[in-house]
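Structure assessment
Residue-level listing of the chains:
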Amino acid sequence: MAVPAVNIEIEQGADFTSTFTITNSDGSIFNMSNASAVAKAKKHPTAGTAYTFSSSIESSTGKITISMTDEVTATMEAGRYLYDILLTAAGGDKTRVIQGMALVTAGIS
């Protein structure tokens, strides 16, 4: 499965939520039964600081939702980050299902 690149925008100091539908190359729903997801954003791949998204999986529809609270986004500097979502299957196999850039826009209030 090729990893789709999906860019997102996070507003500094605001709650963030985004939902992705994960499919196989033939368009069928990707099997996520008994799987878990981890999603993180970093300035660059080897950066020491990572911002972790909360994640939930709805395996029957192939949807993964990631979110961050306003408390977390308020600590992020405005600018470009890289992020990805890594799925761990019940058997331990890991698959990166989404990747892309996250633009954090500065907040005024």
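Criteria and thresholds
Residues numbered from 1 in each chain as written. Predicted model: local features only at pLDDT ≥ 70, side-chain atom pairs only at ≥ 80, totals over all residues. Heavy atoms only, no water. Helix = DSSP H or I, 4+ residues; strand = E, 2+ residues; numbered from the N terminus. Contact = heavy atoms within 4.5 Å. Phe/Tyr/Trp six-rings, centres within 6.5 Å; stacked < 30°, edge-to-face > 60°. Lys NZ or Arg CZ within 6 Å of the ring centre and 35° of its normal. Core = buried A, V, L, I, M, F, W, Y, C linked by side-chain atoms within 4.5 Å. Buried < 20%, exposed > 50% of the residue type's maximum accessible area, 1.4 Å probe, protein only.

Next up on the list: the environment of Ser 67. Following the sequence through the fold, Ser 67 ends up in strand β5 (residues 63-68). C-alpha of Ser 67 to C-alpha of Met 101: the two residues are 34 residues apart in sequence and 15 Å apart in space. With residues near it in sequence (within four places) discarded, Ser 67 still touches Phe 16, Thr 17, Phe 53 and Ser 54.

Considering all chains together, one arrives at 3 aromatic pairs under this definition. Above the ring of Tyr 81, the side-chain terminus of Lys 43 is found at 4.5 Å from the ring centroid.

Before going further, it helps to spend a moment on the nonpolar core. Of all hydrophobic cores here, the largest spans 24 residues; its most connected members are Phe 53, Ile 64, Ile 66, Tyr 83 and Ile 85. Excluding residues that lie within four positions of it along the chain, Ile 64 makes contacts with Ser 18, Thr 19, Phe 20, Ile 22, Met 32, Ala 37, Ser 56, Ile 57, Ile 85, Leu 87 and Val 97.

No statement about biological role is implied by the geometric values presented.
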